[in-house]
Amino acid sequence: MGKIEIIQHPLIQHKLTILRDKNTSCKDFREIIGEIAMLMTYEATRDLPLVDTKVETPIGTATTKKLAGKKMAIVPILRAGIGMVDGVLKMIPSARVGHIGLYRDPETLEPVEYYCKLPQDISERDVLLVDPMCATGGSAVDAITQIKKREPKSIKFMCVIAAPEGIDALSKAHPDVDIFCAAMDEKLNENGYIVPGLGDAGDRIFGTK
Ligand code: PRP
Ligand code: URA
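All values derive from a computational prediction rather than experimental measurement.

K.L.:
Any chance you could explain the site of ligand 2 here in plain terms?
P.N.:
In the vicinity of ligand 2, the residues found are Arg104, Met133, Ala135, Gly192, Tyr193, Ile194, Gly199, Asp200 and Ala201. Separating an oxygen atom of ligand 2 from a backbone N or O atom of Ala201 is a distance of 2.8 Å. Out of a free accessible area of 240 Å², ligand 2 has 89% covered by protein chains. Class assignment of the residues belonging to the shell around ligand 2 gives a composition of five nonpolar, two polar and two charged.

Now the structure itself:
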């Protein structure tokens with residue numbers, strides 16, 4: 001079974017309160033979701049392996065550490081996942097970026113795929129899939145199924161708010177994927193929105209409503 005971690009860091013929790021607030025402006029929402037993604041990346045990459053190395057300082061030789069040559073790919077689920085990419089890249093600037101376009105059919109709540117472009121060498125990379133919301137879990141389950149066809153080294157999923165239904169569906173469909181979120185909310189409403197959640201993440205990032 002993959003890890004399910006709710007990241008309780010005070011800075012993340014404080015920023016999440018601002019995100020949830022219906023009076024937060026589109027500009028602030030965009031900025032803060034990027035900051036949360038950056039801080040969550042710090043936590044979600046804690047287990048990256050290190051190797052010993054040496055470096056010449058102006059004074060002498062330091063025996064020190066560097067990342068063990070691991071390469072990463074960040075994959076946002078369009079649209080709302082785009083809001084997290086810059087924050088992740090601040091922590092992992094050399095990562096490659098793929099894109100998966102999915103929207104939920106408003107009637108069936110089933111994901112509909114409309115775009116998929118992943119790095120060519122994804123089979124040599126660890127993938128960090130990002131989307132602010134995991135509601136029914138359908139979008140994340142589908143995106144991970146698409147990515148697995150290309151056989152990456154590993155996949156982690158990072159979202160900001162999850163519903164219990166989504167985490168349940170995701171961990172059943174892909175038990176090998178570690179899941180990181182900043183909050184597990186109460187439930188879904190009759191339209192498949194997370195309660196209390198933060199509303200429609202894509203609309204709040206892009207100002208489309
Ligand atoms: C939102 C969100 C997730 C999905 C979560 O996207 O960004 O991708 O819903 O719901 P699920 O867990 O039930 O699949 P949406 O479908 O609204 O598309 P958009 O980002 O293009 O607005
Ligand atoms: N997608 C969103 O953007 N918000 C929700 O609450 C559920 C799905």
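After that view, the rundown keeps rolling.
K.L.:
When you look at the environment of Gly87 in this model, what are you seeing that I'm missing?
P.N.:
Note that Gly87 resides in helix α3 (residues 82–91). Take Gly87: its relative accessible area is 3%, and that puts it in the buried class. Sequence separation between Gly87 and Gly202 is 115 residues, and the spatial gap between their C-alpha atoms is 16 Å. When residues no more than four places from it in sequence are discounted, the contact partners of Gly87 are Gly34, Ala37 and Met38.

K.L.:
Can you walk me through the site of ligand 1 in this structure?
P.N.:
The environment of ligand 1 is formed by 15 residues, the closest being Arg104, Asp131, Ala135, Thr136 and Ser139. Within the backbone of Gly137, a nitrogen or oxygen atom sits 2.8 Å from an oxygen atom of ligand 1. Within the contact set of ligand 1, an oxygen atom lies 2.6 Å away from a side-chain nitrogen or oxygen of Ser139. In isolation ligand 1 offers 500 Å² of accessible surface; the protein chains occlude 90% of this area. Elements that contribute at least two residues to the shell around ligand 1 include exactly β4 (71–78), β6 (99–104), β9 (133–134) and α4 (138–148).

K.L.:
Is there a simple way to think about the environment of Pro10 in this case?
P.N.:
Mapping Pro10 onto the fold places it in helix α1 (residues 10–20). The exposure class assigned to Pro10 is exposed, which follows from its relative accessible area of 61%. Along the chain, Pro10 and Pro196 lie 186 residues apart, while their C-alpha atoms are 20 Å from each other.

K.L.:
What is the right way to look at the side chain of Asp178 in this model?
P.N.:
Its location among the elements puts Asp178 in strand β12 (residues 178–181). One buried charged residue, Asp178, forms no salt bridge at all, with the nearest opposite charge on Lys3 at 5.1 Å. A polar atom in the side chain of Asp178 sits 2.7 Å from the backbone nitrogen of Lys3. Not counting chain neighbours up to four residues away, the residues in contact with Asp178 comprise Gly2, Lys3, Ile155, Lys156 and Phe157.

K.L.:
Can you help me understand the pairing of β6 in this one?
P.N.:
Look at any regular strand and the pattern is simple: side chains alternate between the two faces of the sheet. In this structure, β4 lies alongside β6, joined through two bridges in parallel fashion. The partner of Ile77 across the bridge, within β6, is Ile100. Summarising the sheet, β6 and strand β7 (residues 111–117) pair through six bridges and their orientation is antiparallel. By the bridge assignment, Arg104 is partnered in β7 with Pro111. What sits between β6 and β7 in their antiparallel hairpin is a turn of six residues, with Leu109 showing a positive phi close to 65°.

K.L.:
Is there a simple way to think about the pairing of β4 in this case?
P.N.:
By the criterion of burial, β4 is predominantly enclosed, with seven of the eight residues buried. Where β4 and strand β8 (residues 125–130) come together, six bridges link them in parallel fashion. In the strand pairing of β8, Val75 is matched with Leu129. Inspection of the sheet shows β4 paired to strand β5 (residues 96–97) by two bridges, in the parallel sense. Along β5, the bridge assignment pairs Ile74 with Val97. Between the parallel pair β4 and β5, the chain is carried across by α3, and the sense of this crossover is right-handed.

K.L.:
Any chance you could explain the sheet that holds strand β13 (residues 183–184) here in plain terms?
P.N.:
Remark on secondary structure: sheet strands pair via backbone hydrogen bonds, oriented parallel or antiparallel. With parallel pairing, the three strands of this open sheet are ordered in space as β9-β11-β13. Only two strands of the sheet have a single partner each, and these edge strands are β9 and β13. Sheet topology note: the β9/strand β11 (residues 161–162) ladder contains two bridges and is parallel. Looking at β11, one finds that Met133 is bridged to Ile161.

What counts as what
- Residues numbered from 1 in each chain as written.
- Chains lettered and ligands numbered in written order.
- Predicted model: local features only at pLDDT ≥ 70, side-chain atom pairs only at ≥ 80, totals over all residues.
- Heavy atoms only, no water.
- Near = heavy atom within 4 Å.
- Polar contact = N/O pair within 3.5 Å; in protein donor to acceptor, adjacent residues only side chain to side chain.
- Areas by Shrake-Rupley, 256 points an atom, 1.4 Å probe, with all protein chains shown as cover.
- Nonpolar A, V, L, I, M, F, W, Y, C, P; charged D, E, K, R; others polar.
- Helix = DSSP H or I, 4+ residues; strand = E, 2+ residues; numbered from the N terminus.
- Buried < 20%, exposed > 50% of the residue type's maximum accessible area, 1.4 Å probe, protein only.
- Contact = heavy atoms within 4.5 Å.
- Lys, Arg positive; Asp, Glu negative; His and termini not counted.
- Salt bridge = Lys/Arg side-chain N within 4 Å of Asp/Glu carboxyl O.
- Pairing = 2+ DSSP bridges.
- Right-handed = clockwise from strand over helix to strand, strands pointing away.

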